[in-house]
Amino acid sequence: METIVMSHPHHYKQESLPPTILALGYFDGIHIGHQRVISTAVELAEKAGAVPAVMSFHPHPSVVLGRADQNWTYITPLEEKKKVLESMGVKRFYLVKFDHDFASLSSKEFVDQYIIGLNVQHVVTGFDFSYGKYGKGNVETLVKESNGQFAQTVIEKIEKDGQKISSTLIRQFLKEGRVQEIVPYLGRRYKLNGTVIHGDKRGRTIGFPTANLDTEEYSLPKVGVYAVEVSIDNERYFAMANVGYKPTFKEDQKKPSLEVHIFDFHKEIYGKTVSVTWLKRIRDEKKFSGIDELIQQLNTDKSKTLEIIQTMY
Ligand SMILES: Cc1cc2nc3c(=O)[nH]c(=O)nc-3n(C[C@H](O)[C@H](O)[C@H](O)COP(=O)(O)O)c2cc1C
Ligand SMILES: Nc1ncnc2c1ncn2[C@@H]1O[C@H](COP(=O)(O)OP(=O)(O)OP(=O)(O)O)[C@@H](O)[C@H]1O
């Protein structure tokens, strides 16, 4: 998949571009609704002998327009999003730099400057796609504003249990620690990558060594303890994870951290990438009155995790 970065002001025009079918949207998570939009573009492109492409925006508009706090995180940060798109058969990824200049373009200017020059035959969006200043452009205006230069397919609302499947809903599930319930919305288990960093080296002294992970722009589920599966160098292991502040030992940690205790694993992995797949939430994080109490709880957590894993695999 080729990535083409588009920053403002933009006048991408190349006569030699092959006919393109373009799916449009932010697509954080690439959930079941997004998958329908994108796979429709891929299928249409296959039939027409055209190139399947996606246009997306970065960073998230909420960050740039100041609607989110400073610690905005993603379900699929950019690199993860690219991998998922590639696996779906997308061949071109138009990545628009989202900034104030871009956000102030009228809907017509967006179509003229960003889409018309790409030899787009057909656009695919969801029913509630909006674009341009104040989000004024919508599925009714898109083809009109191109003067009929491309065809359009609008995907109807994809719902589950009466709710629109959306990035917002999946974020809400993460916030509530409902990692298991995410699966039918996201279409897969929630997974994130982290780099192993140095912790306080206390875990090994209590018989539960942990890999402390820097998860950068990924969203963490609610503070607490979880059964997880991890993957390191393409090998899979079972593990239990703690998202939190380690209140038994620390009083001043500002942001929750993620650490995993991997069962039957003793390798040195500092600096490596660990991917964590979230299976089920076990309990809240607690402040224990001493190390022995914590150890006892960790043994219980381990039994519980193994039980959960047995019922799942
Ligand atoms: C499965 C699991 C559950 C944990 N639960 C708690 C907890 O409830 N309260 C707490 O203060 N720390 C908890 N911890 C964090 C431990 O305090 C931490 O692993 C230990 O202090 C080692 O930290 P270090 O890796 O920074 O050396 C938990 C860790 C794991 C792996
Ligand atoms: N459940 C859905 N059914 C059909 N189309 C959808 C669905 N969710 C998103 N889309 C479409 O996918 C594209 C990307 O949408 P967007 O990234 O805004 O997703 P979203 O999940 O609705 O996000 P948010 O929760 O942040 O509003 C848009 O064209 C949108 O209309």
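Conventions used here
- Residues numbered from 1 in each chain as written.
- Chains lettered and ligands numbered in written order.
- Predicted model: local features only at pLDDT ≥ 70, side-chain atom pairs only at ≥ 80, totals over all residues.
- UniProt positions renumbered as here; feature names shortened; annotations may be inferred.
- Core = buried A, V, L, I, M, F, W, Y, C linked by C-beta atoms within 7 Å.
- Buried ≥ 20, exposed ≤ 12 C-beta atoms within 10 Å, placed from the backbone.
- Helix = DSSP H or I, 4+ residues; strand = E, 2+ residues; numbered from the N terminus.
- Contact = placed C-beta atoms within 7 Å.
- pLDDT = per-residue confidence, 0-100.
- Pairing = 2+ DSSP bridges.
- Axes fitted to C-alpha atoms, helices over the stretch in contact; angles between N-to-C directions.

As annotated in an unreviewed UniProt entry, the protein chain carries the name Riboflavin biosynthesis protein and comes from Fictibacillus barbaricus. As stated in UniProt under Sequence similarities (unreviewed entry), the record for the protein chain gives "Belongs to the ribF family."

**Q** Explain the nonpolar core here, please?
**A** When a protein is soluble and globular, its nonpolar side chains tend to lie buried together. In this structure, Tyr226, Val228, Ala239, Ala241, Val260 and Val276 are the most contacted members of the largest nonpolar core, which totals 34 residues. When contributions to this core are tallied by element, the ones reaching two or more residues are α7 (167–175), α8 (183–186), β9 (191–197), β10 (211–214), β11 (224–232), β12 (235–244), β13 (257–262) and β14 (273–283). The contact partners of Tyr226, leaving out residues within four places of it in the chain, are Val179, Pro221, Met240, Ala241, Trp278, Leu279, Lys280, Arg281 and Ile282. Counting residues in each nonpolar core, the second largest holds 33 residues, with Ala50, Tyr114, Val123 and Ile155 among its members.

**Q** What am I meant to see in the confidence of the model for the protein chain here?
**A** Close inspection of predicted coordinates is inappropriate in any region flagged by low pLDDT. For the protein chain, the mean per-residue pLDDT works out to 94, and 99% of the residues sit at or above 70. Interface predicted TM-score (ipTM) for the complex: 0.89; the corresponding pTM is 0.93.

**Q** I'm lost on the sheet that holds strand β5 (residues 120–126) in this one. Help?
**A** What holds strands together in a sheet is hydrogen bonding between their backbones, with the strands either parallel or antiparallel. Strand order in the open sheet formed by six strands is β1-β4-β3-β2-β5-β6, and the pairing between neighbours is parallel. Edge positions in the open sheet fall to β1 (2–6) and β6 (151–155), since each of these has one partner strand only. Averaged over neighbouring strand pairs, the angle between their axes works out to 20° when direction is ignored. Bridging between strand β2 (residues 20–24) and strand β3 (residues 51–58) involves five bridges; their strand directions are parallel. By the bridge assignment, Leu24 is partnered in β3 with Met55. The sheet contacts of helix α1 (residues 32–48) involve β2, β3, β5 and β6, and relative to β5 the element is tilted by about 160°.

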